[in-house]
Amino acid sequence: MATLLEELFAKATRNSHPIFAMFELTYQCNFSCRHCYNPIARKNQPRTGEAPASTRRPLDFSEIMGLLDQLKDMGVLYLSLTGGEPLVHPRFWDILAAAKERQFAVRVFTNGALITPSVADRLDEIGPHCLEISIHGANDATAEALSQVKGSHQNMLKALGYLKERKLRVYLKCTVTKLNEGELEGIKAISDSFGFPVFFDPVITLSDDGEEYPLEMKASDEGVAKLYRSDGINIGNSPFEWEPGELSCTVGAGTLHITPHGDVQPCIQWKQPVGNIREKPLKEIWSTSPVLEEARRVAREMPMLIRKGTKDHAFCRHCPGLSLLRYGDPRRLEEQYLRVARIKAEVSRNEAIDK
């Protein structure tokens, strides 16, 4: 039986009412992750062209306060502050406090390396709903190979300790790559040692400007299979709870996304601007954008698209934004999701035979 909150989310999505908003405060970061999707140049990126240069001015503090007021007026409940690294934004603490004052359930997406005891104290004082922290490996060498920053892993581990001491809600997130796929058990052991859940994602996102260099980090089939074996990691979104074609997406309906420059997009993955808050009120953009209406149509079609697109549809997800970025077609099932579905199906069949 669905909870009251789940019923609320379902109703809001059916009525195209935004419940979740994600705000990228900045593209600046203290890491240079090799699989980073932000549309700016970081070291050792094997790009085929130059990163797009931007002379646009990021939203200033007064504009951000206006954005928060508009989100509150629209009835948004969950607000994610992300980046880049949101803690490097010069007004991060003021923005976090203002979001809490407006009674958003605030999620902070961070790499954790900047969280010192004093930072943890401030987080505890303001009280975000949760922090979601990226973990790149089970040891210094692997994590630093991905972040390209010396000491990044140890600083993150220290941060987890500070947050645990203050009883803050923390979720760990791990993108499964060819560098860390042999350390999934070790990453799980780290999460268990702190008492924080960890969620693994085997799908890697392209750069926002369409560059495919992050895909060089994708894990092997065997690395992905570890996630779904009953005697393996078996963590995250299990494929075995779904019926054929029973998947959907809240793009353009329950979610919206705002860039550091005020562009409004259907979600953080559907990178097509539908307006800018400097030019139109957010509510007007939400209710009149033909791009958002198209995103809603695609979301409604997703169960059919998945059912028709693969024999492994019971195990398949679809991200229309990633497909739009990679192929120019949000209805085309993306190669990585098809691969993961195939691996999930093979795991399921093999375990059924073994029984």
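Source: prediction; values computed, not measured.

What counts, and at which threshold
Residues numbered from 1 in each chain as written. Predicted model: local features only at pLDDT ≥ 70, side-chain atom pairs only at ≥ 80, totals over all residues. Heavy atoms only, no water. Phe/Tyr/Trp six-rings, centres within 6.5 Å; stacked < 30°, edge-to-face > 60°. Helix = DSSP H or I, 4+ residues; strand = E, 2+ residues; numbered from the N terminus. Buried < 20%, exposed > 50% of the residue type's maximum accessible area, 1.4 Å probe, protein only. Core = buried A, V, L, I, M, F, W, Y, C linked by side-chain atoms within 4.5 Å. Contact = heavy atoms within 4.5 Å. Pairing = 2+ DSSP bridges. Right-handed = clockwise from strand over helix to strand, strands pointing away.

Draft legend 1. Here's a closer look at the packing of aromatic side chains. Taken as a whole and assessed by the stated rule, the structure comprises 4 aromatic pairs. Centroid distance Phe-20 to Tyr-78: 5.2 Å. Interplanar angle 25°. Geometry classified as stacked. With Phe-20 in strand β1 (residues 20-24) and Tyr-78 in strand β2 (residues 78-82), the pair connects residues that are 58 residues apart, well separated along the chain. We classify Phe-20 as partly exposed; its relative accessible area is 25%. Relative to Trp-93, the ring of Phe-92 has its centre 5.0 Å away and its plane inclined at 70°; by these criteria the two rings are edge-to-face. Note on Phe-92: relative accessible area 0%, which makes it buried.

Draft legend 2. Just the nonpolar core, in detail. By size, the foremost hydrophobic cluster in this structure holds 81 residues, and its most contacted members are Leu-71 and Ile-115. Ignoring sequence-local partners within four residues, the contact set of Leu-71 consists of Ala-21, Val-76, Leu-79, Phe-104, Leu-256, Ile-258 and Leu-282. Judged by nonpolar contacts, the second largest core, of 7 residues, contains Ile-306, Phe-315, Cys-316 and Ala-345.

Draft legend 3. Spatial organisation of the pairing of strand β3 (residues 105-110). With 5 of 6 residues buried, β3 lies mostly within the body of the structure. Sheet topology note: the β2/β3 ladder contains 4 bridges and is parallel. Bridge assignment links Ser-80 to a residue of β3, and that residue is Arg-107. For the handedness criterion, the β-α-β arrangement of β2, helix α3 (residues 92-101) and β3 is classed as right-handed. Pairing analysis gives 4 bridges linking β3 to strand β4 (residues 130-134), with the strands arranged parallel. Counterpart to Val-108 in the pairing with β4 is Leu-131. At this point the chain moves from β3, through helix α4 (residues 117-126), to the parallel β4, and the crossover so formed is right-handed.

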